[in-house]
Amino acid sequence: GAGVSQSPSNKVTEKGKDVELRCDPISGHTALYWYRQSLGQGLEFLIYFQGNSAPDKSGLPSDRFSAERTGGSVSTLTIQRTQQEDSAVYLCASSLTPESHEQFFGPGTRLTVL
Amino acid sequence: SQQGEEDPQALSIQEGENATMNCSYKTSINNLQWYRQNSGRGLVHLILIRSNEREKHSGRLRVTLDTSKKSSSLLITASRAADTASYFCATGRGSYIPTFGRGTSLIVHP
């Protein structure tokens, strides 16, 4: 596609439910990042995928969070047993290679946990 | 903890004026990027400056980097209402995972 896409754009869920957020990176981009942004805050790194290498999961805040990237393309971020503090905008970004540094961001998924 | 911290947190100017935002960081970096974010959604890359560079230009944007002071500045000249956005610096060190600051919120009044 022309850019990074994310779905859904908005998600409202009840505390304790599981949610899945999807990211379609730019075709051919080998690096994919997930970030979380709380209201008025900067971006908090969650997880990084590069090619077929093992992902860098060092930013995941708890074991309720997991992510996968199938076929080196689409990625899914899963949050199990959601909590109210998980409410945030979840941003996905991709870059052509890690060395290119420039990241292309999707529009984000706004998650609200009631 | 945040590696880059932008200053000021908020900036309000009139159209046509210049806007200057600063980013300070604590440890040595390989590169520093500036991004713009409109309406709390996706970020757009503006410019990257490497640690061996001191100044870069892109259109109305001018970025400087002072590694001795561990700081960078982003200057937007002749600002427009469309420049209203949040601006973030992102510092890169040994890994390919940049660290973002909390951003400067810029409002340009027409």
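Residues numbered from 1 in each chain as written. Chains lettered and ligands numbered in written order. Predicted model: local features only at pLDDT ≥ 70, side-chain atom pairs only at ≥ 80, totals over all residues. Heavy atoms only, no water.

Q: What's the story with the side chain of A:Thr76 in this structure? I'm lost.
A: Along the chain, A:Thr76 falls in strand β7 (residues 75-79). A relative accessible area of 18% means that A:Thr76 is categorised as buried. (Helix = DSSP H or I, 4+ residues; strand = E, 2+ residues; numbered from the N terminus. Buried < 20%, exposed > 50% of the residue type's maximum accessible area, 1.4 Å probe, protein only.)

Q: Honestly, the environment of B:Phe88 in this entry has me stumped. Any pointers?
A: In this fold, B:Phe88 is placed in strand β9 (residues 85-92). Between the C-alpha atom of B:Phe88 and that of B:Gln14, which follows or precedes it by 74 residues, the distance is 21 Å.

Q: What am I meant to see in the pattern of salt bridges here?
A: Pairing between side chains becomes possible if they bear opposite charge and their charged atoms approach one another. All names here are of chain A. Scanning the entire structure with this criterion turns up six salt bridges over all chains. As a salt-bridge pair, Arg36 and Glu44 come within 3.0 Å of each other at their nearest N and O atoms. We classify Glu44 as partly exposed; its relative accessible area is 32%. (Salt bridge = Lys/Arg side-chain N within 4 Å of Asp/Glu carboxyl O.)

Q: Explain unusual backbone geometry here, please?
A: With the exception of glycine, most residues fall at negative phi, and the peptide bonds are largely trans. With omega at -10°, the peptide bond leading from A:Ser7 into A:Pro8 counts as cis. In this structure, A:Pro8 sits in the loop between β1 (5-7) and β2 (10-13). Following B:Asp7, the chain continues into B:Pro8 via a peptide bond in cis, with omega recorded as 0°. In this fold, B:Pro8 is placed in the loop between β1 (4-7) and β2 (10-14). The phi torsion at B:Ala78 lies on the positive side, around 45°, for a residue other than glycine. Within the secondary structure, B:Ala78 sits in the loop between β8 (71-76) and β9.

Q: Sorry if this is basic, but what is going on with the sheet that holds strand β6 (residues 65-69) of chain A here?
A: Two orientations exist for strands paired in a sheet by backbone hydrogen bonds: parallel and antiparallel. All names here are of chain A. What the four strands build is an open sheet, ordered β1-β3-β7-β6; its pairing is antiparallel. A strand with exactly one partner marks an edge of an open sheet, and here the two such strands are β1 and β6. Going across the sheet, the axis of each strand differs from the next one's by a mean of 15°, ignoring polarity. (Pairing = 2+ DSSP bridges. Axes fitted to C-alpha atoms, helices over the stretch in contact; angles between N-to-C directions.)

Q: Honestly, the interface of chain B and chain A in this entry has me stumped. Any pointers?
A: By convention, interface size is frequently given as the accessible area that disappears when the constituent parts associate. At the interface, 18 residues of chain B touch 24 residues of chain A. Both faces combined, the contact of chain B with chain A buries some 1,800 Å², and carbon together with sulfur accounts for 53% of it. Looking at the side of chain B facing chain A, the largest losses of area belong to B:Arg41, B:Tyr96 and B:Ile97, adding up to 39% of the total buried there. The interface formed by chain B and chain A contains zero salt bridges. The interface formed by chain B and chain A holds five residue pairs in polar contact (both at pLDDT 80 or more) in total. Those elements giving two or more residues to the side of chain B that touches chain A turn out to be β4 (31-37) and β5 (43-50) of chain B. (Contact = heavy atoms within 4.5 Å. Buried area = accessible area lost by both parts, 1.4 Å probe. Polar contact = N/O pair within 3.5 Å; in protein donor to acceptor, adjacent residues only side chain to side chain.)

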